[in-house]
There are 2 protein chains.
Amino acid sequence: MVALAKERQAKTAVRALRSSAAAAVTKLALPLGQILRGDCIERMRELPTASIDLIFADPPYNLQLGGDLARPDGSHVDAVTDHWDKFDSFERYDTFTREWLTEARRLLKPDGAIWVIGSYHNIFRVGALLQDLGFWILNDIVWRKANPMPNFKGTRFTNAHETLIWASRSEKAKYTFNYRAMKTLNDELQMRSDWVLPICGGPERIRKDGVKAHPTQKPEALLYRIMLATTNPGDVVLDPFFGTGTTGAVARRLGREWIGCEREEDYIAVAEERIAAALPLDESALTTMMSKRSAPRVAFGQLVESGMIAPGTALFDRKRRWNASVRADGSIAAGDQLGSIHGVGSAVQGAPSCNGWTFWHIEHEGEVKPLDALRQLYLLAVED
Amino acid sequence: MVALAKERQAKTAVRALRSSAAAAVTKLALPLGQILRGDCIERMRELPTASIDLIFADPPYNLQLGGDLARPDGSHVDAVTDHWDKFDSFERYDTFTREWLTEARRLLKPDGAIWVIGSYHNIFRVGALLQDLGFWILNDIVWRKANPMPNFKGTRFTNAHETLIWASRSEKAKYTFNYRAMKTLNDELQMRSDWVLPICGGPERIRKDGVKAHPTQKPEALLYRIMLATTNPGDVVLDPFFGTGTTGAVARRLGREWIGCEREEDYIAVAEERIAAALPLDESALTTMMSKRSAPRVAFGQLVESGMIAPGTALFDRKRRWNASVRADGSIAAGDQLGSIHGVGSAVQGAPSCNGWTFWHIEHEGEVKPLDALRQLYLLAVED
DNA sequence: GTTCCGTATGAATCCTAAC
DNA sequence: GGTTAGGATTCATACGGAA
C-alpha cells in the first residue's frame, strides 16, 4: 500500500519535472524583461507558440471625439487625440483587433488567459472578436473609477467606469484563479466583478515637464489585482501595448516575468526607467493565502492510521440525524452503507455529492468538531 | 426686420403644429397600452416607421449553461433553462439580434433611442451590432447588483453586475436626456454610469403558487431611472421582450405610453394583471426606490493593492507586544498565524474577536498610527 | 409585540487529479 | 480521450416560526 503510493508519487514527480524542464527551455528562448520595439503584431509573430501564461492588453480605444472639447470655464480638455488612436471605420478597427488577438491566442499556453481593457467605444468589438476566435470569456470586470472626469456639458451620464474582459484561451482551459488570495484581499468576502479603484494620478502618474507622459496610464492597483488573481510567481506576462510599462513594473514587484511591445520611443524610455526603479517584493511577502484545492491532500485513512481517530469511533452530522462508525481501513459504515466519508455522506442524504470533512462530526476532547478540524490538527503535526 | 422675424416665427409655428399634428395621427395608429402576441420581429414589422420614442429591450442572454449546479449546502440552483434562451451558435444569435435591432431602428423616430440589457454572454455581440447598424452609443451603464448570487464553486469572480447600452438612433440624433432630473435624483451629483440597485425580490417579485412567474424579472427601479432619464411624459416606449411587463407597469406609473411584444401566454396573463394594478406616480415611493446608495467599504487588501501599504511592512499592537507582517494578498502573518488583520489579531491575543483596524499599528511618515488612520486617508483619496 | 434563528433563493457559461 | 473517486464551495435578503 505504502510502496504503491510512493511509486505513484515518484511517477507524478517525474512527469512534473519533464514538463517543467520543457517549460524552462521555452522560457529561456523568450525575451524576458524586454520591451520589443515596433508594431506589436510584427513583434508577436517573432515569439514562440504556446509560451505565454497571461496577456494583458490595453489597446487603442478607437475614440471618436468630434473636435475639441472645452470645459464650462473655457479651458481645454486634453483628450486622446494622438495619431495612434485614429481608425477610419469599425471595419479597420476590427481587422486590427482580429490580427493582434490571433497572434495573442497563438502565443498563449493551452491553459493561458488574456485580459483586455476598453470603453464602450471599442470593448463590444473586442468582446465579440474574442468569442469568434475561440477565447472563452470568464468574467467581464467593471473598473469603477472613484474619481472620474465629470461630463462637462451635462449631456450624458458621467462616464465613470471602464470594462475589462478576462478570457481563457479556450473553453476547456484550466485557467489560473487564485480564489483564496482574492477572498483574502477583499476581507474574507468573494471578490466581485466590480472593482472600485482610483484613477491613476498623484505621484503615480508619470509626467514629463508637467505634461502627462501617456494619456491612458493605468493604475498599478489594477494590474496588481489582475496578476495576483490570475498568475503564479514566475509566470510570463505579455503586454502588447506596453505604454509606460505599468504591466512591467507590477510584474517585477510581484515576481512575475514580463515582455512588452511598444512602438513609441518616448514611452519606452519612460517605461525602462520606471521598471528599473520598481522593487521586487521578497518571497515571504509574496506568499498568498492558498486555497484548499492546492494545499496538500490528507486522506481520512491517515487520521485513523496515525491513531488520531480510533476504529469504532462514532461519527454524526451536525444535527445528529445520521450516525456512522469508523472502520480500521478508514472507511465508515452507516446502516448497510459502506464507503468513504464522502460516499456514505452523500448516500445517507440522498445528495449527489458531499464533503465528508465538513459533513461528519466527532467528539474530540469533550467538544463536537467537524472532521475538518482534526485534519487541520493532523496537518500541523505533520509539518516539520 | 420685425415683420420678417414675425413671419419667420409664424412659419415655425405652422411647421411645429403640422409636425405635432402628424405625430398625434401616428400615435393614434399605434396599439398603445397593448401586448402584441407572438414573435417580436413579426409584430414589429406591422408597426409604422418612425413612430417610437424609446425602446427598452431585455433579449435572451444565450447563457450556455452546463450541467446542474449545487450550492455548498447541497441545495439546487434554479437556472435559466427556458427554451427561449437556447441558440445553436453565436452566428444564430447574431442573426436573431441583427433582425430585431433592424426593425427596432426602423420604428424609432429620428431622435429616438434604445436601451438593451445583457451580460457578458451576449452584450458584446449586441453592442457591436448596434454600432454596425448605425446606432450611436451614448453610454454603457453598469447595473451593480447589491445582492448578486455568489460563485458557489470559487472558480471565478462573483458575477455581480449586468450591462446596459444606451444608444441613439443615429450619431446626429437630438436624444432626450433629463440631466437635471438625474442630478436631483443623485443628491446634486451628476448621475454616474454605474447604478447600484438590488435585484428583483420580495413583494415586487411576481410568484404563481410560490414559483417565480419569470426567471429574469427586472427591478422596477431600473426602468424608472431609464424612463425618467431618457423620455418625456406622453412618449411612446416599446418593449420587444415584454415578459411580465415591468416596462408597461413603470410606463403607466410615469405617464408614458407603452407597447409590448411577447410570445408566451403565461407571461402575458401575468403582465396584464400587473399593469392594471399599477398605481399612478407616487413621489415618495419614487424617492425611496432611487435612494439606495453604496456605502463606502474598505478592505485592508485595497490599501496593499493601492501601494499605500507595501507587502512586507511590519505591523504591531499599541504596546508592541505582538508583531506581524503584511503579505501581498492583504493577509498578515504573525508567527505561524496567518489570516486577516482581524483574525490574526484575535488569535495572538487569544481573544474571541478583534478589530484589526484599531488593534494593529504601523509606522507611517515617521509616526506610529493605527491602520484605521490609513483607511481614513484612503477614503479621502478615493472619494469623489 | 420583538428579536433571533433557520431556511430559501437570485440571468451561473461554477472541480479536478488520477487512472 | 473518457470515467471515476476525492473533496471543495456562498452573499445579501426575505420570510416564517420559535423564543
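Residues numbered from 1 in each chain as written. Chains lettered and ligands numbered in written order. Predicted model: local features only at pLDDT ≥ 70, side-chain atom pairs only at ≥ 80, totals over all residues. Heavy atoms only, no water.

With an unreviewed UniProt entry as reference, chain A is termed Methyltransferase, source organism Novosphingobium fuchskuhlense. Its UniProt record gives chain A a comment under Sequence similarities (unreviewed entry), which states: "Belongs to the N(4)/N(6)-methyltransferase family." (UniProt positions renumbered as here; feature names shortened; annotations may be inferred.)

(A) Representation of the overall build of chain A. When you go through chain A residue by residue, the secondary structure sums to 13 helices and 16 strands. A total of 384 residues make up chain A; the buried ones form 51% of that total. Taking the intrachain contacts of chain A between residues at least 6 apart in sequence as the baseline, contacts between residues at least 24 apart amount to 68%. (Helix = DSSP H or I, 4+ residues; strand = E, 2+ residues; numbered from the N terminus. Buried < 20%, exposed > 50% of the residue type's maximum accessible area, 1.4 Å probe, protein only. Contact = heavy atoms within 4.5 Å.)

(B) Representation of the sheet that holds strand S6 (residues 194–197) of chain A in the model. Residue and element names in this part refer to chain A. Spatially, the eight strands line up as an open sheet ordered S1-S10-S9-S2-S3-S5-S4-S6, and their pairing is mixed. Bordering the open sheet on either side are strand S1 (34–37) and S6, each of which pairs with just one other strand. Ignoring which end each strand starts from, the neighbouring axes of this sheet average 20° apart. Examined bridge by bridge, strand S2 (residues 52–57) and strand S9 (residues 236–239) share two bridges and lie parallel to one another. Across the sheet, the residue bridging to Ile55 is Leu238, located in S9. Against the sheet, helix H6 (residues 220–230) touches S2, strand S3 (108–118), strand S4 (136–145), strand S5 (161–168), S6 and S9, its axis set at about 140° to S6. (Pairing = 2+ DSSP bridges. Axes fitted to C-alpha atoms, helices over the stretch in contact; angles between N-to-C directions.)

(C) Representation of helix H8 (residues 265–277) of chain A. Residue and element names in this part refer to chain A. In this model, H8 (13 residues) spans 19 Å end to end at C-alpha, consistent with the 18 Å of a helix rising 1.5 Å per residue. Looking only at H8, the buried set comprises Tyr267, Ile268, Val270, Ala271, Arg274 and Ile275. Burial along H8 is one-sided: seen end-on, the buried residues are contained in an arc of 165°. Across from the buried face of H8, at angles greater than 90 degrees, the exposed residues are Asp266, Glu273, Ala276 and Ala277. (Expected span 1.5 Å × (residues − 1). Arc of directions from axis to C-beta.)

(D) Inspection of the interface of chain B and chain A at higher detail. Between chain B and chain A, the residue contacts involve 74 residues of the former and 70 residues of the latter. Here chain B meets chain A over a buried area of about 6,300 Å², counting both sides, of which 52% is carbon and sulfur. The largest per-residue losses of area from chain B upon contact with chain A belong to Phe124, Phe157 and Glu305 of chain B, which jointly make up 15% of the total buried on that side. Scanning the region where chain B abuts chain A turns up five salt bridges. Asp132 of chain A is the partner of Arg125 of chain B in a salt bridge, and the nearest nitrogen-oxygen pair spans 2.6 Å. Scanning the region where chain B abuts chain A turns up 38 residue pairs in polar contact (both at pLDDT 80 or more). Elements supplying a minimum of two residues to the side of chain B that touches chain A: helix H4 (123–132), strand S4 (136–145), strand S5 (161–168), helix H5 (179–185), strand S6 (194–197), helix H10 (300–305), strand S14 (337–339) and helix H13 (371–382) of chain B. Per-element tally for the side of chain B that touches chain A: the top contributor is S4 of chain B, with nine residues. By residue class, the composition of the side of chain B that touches chain A is 36 nonpolar, 23 polar and 15 charged. (Buried area = accessible area lost by both parts, 1.4 Å probe. Salt bridge = Lys/Arg side-chain N within 4 Å of Asp/Glu carboxyl O. Polar contact = N/O pair within 3.5 Å; in protein donor to acceptor, adjacent residues only side chain to side chain. Nonpolar A, V, L, I, M, F, W, Y, C, P; charged D, E, K, R; others polar.)

(E) Representation of empty space enclosed by the protein within the structure. Residue and element names in this part refer to chain A. Applying the stated criterion across every chain yields a total of one cavity of 30 Å³ or more. In this model, the largest cavity occupies a volume close to 40 Å³. What lines the largest cavity is Ala23, Thr26, Lys27, Leu30, Ser51, Lys109 and Val236. Of the residues that constitute the lining of the largest cavity, the class distribution is three nonpolar, two polar and two charged. (1 Å grid on protein atoms, 1.4 Å probe; cavity = no way out; pocket = protein on both sides within 12 Å on 5 of 7 lines; lining within 4 Å. Points joined across faces, edges and corners; volume = space filled by probe spheres on them.)

(F) Up close: the packing of helix H4 (residues 123–132) of chain A against H4 of chain B. Taken N-terminus to C-terminus, the directions of H4 of chain A and H4 of chain B make an angle of 120°; their axes are 7 Å apart at the nearest point. It follows from the interaxial angle that H4 of chain A and H4 of chain B lie oblique. Note that H4 of chain A runs across H4 of chain B; the crossing there is left-handed. In contact with Ile123, Phe124, Arg125, Gly127, Ala128, Gln131 and Asp132 of chain A of H4 of chain A, H4 of chain B contributes Ile123, Phe124, Arg125, Gly127, Ala128, Gln131 and Asp132 of chain B. Partitioned by chemical class, the residues of the contact of H4 of chain A with H4 of chain B number six nonpolar, four polar and four charged. (Parallel < 35°, antiparallel > 145°, perpendicular 65-115°, else oblique. Left-handed = near helix turned anticlockwise from the far one by under 90°.)

(G) Seen up close, the confidence of the model for chain A. Per-residue confidence for chain A averages 88 on the pLDDT scale, and 88% of its residues sit at or above 70. For the stretch residues 1–6 of chain A, pLDDT sits under 50, and the model shows zero contacts to residues farther than four places along the chain or on other chains. (pLDDT = per-residue confidence, 0-100.)

(H) Layout of the pattern of salt bridges. For the coordinates displayed, the defined rule picks out 42 salt bridges over all chains. The salt bridge partner of Glu103 of chain B is Arg106 of chain B, with a shortest N-O separation of 2.9 Å. With Glu103 of chain B and Arg106 of chain B both in helix H3 (residues 90–107) and three residues apart, this pair spans about one turn of that helix. By relative accessible area, Glu103 of chain B is classed as buried at 11%. A relative accessible area of 23% means that Arg106 of chain B is categorised as partly exposed. One salt-bridge network, held together by shared partners, links Arg144, Arg192 and Asp194 of chain A together with Arg144, Arg192 and Asp194 of chain B.

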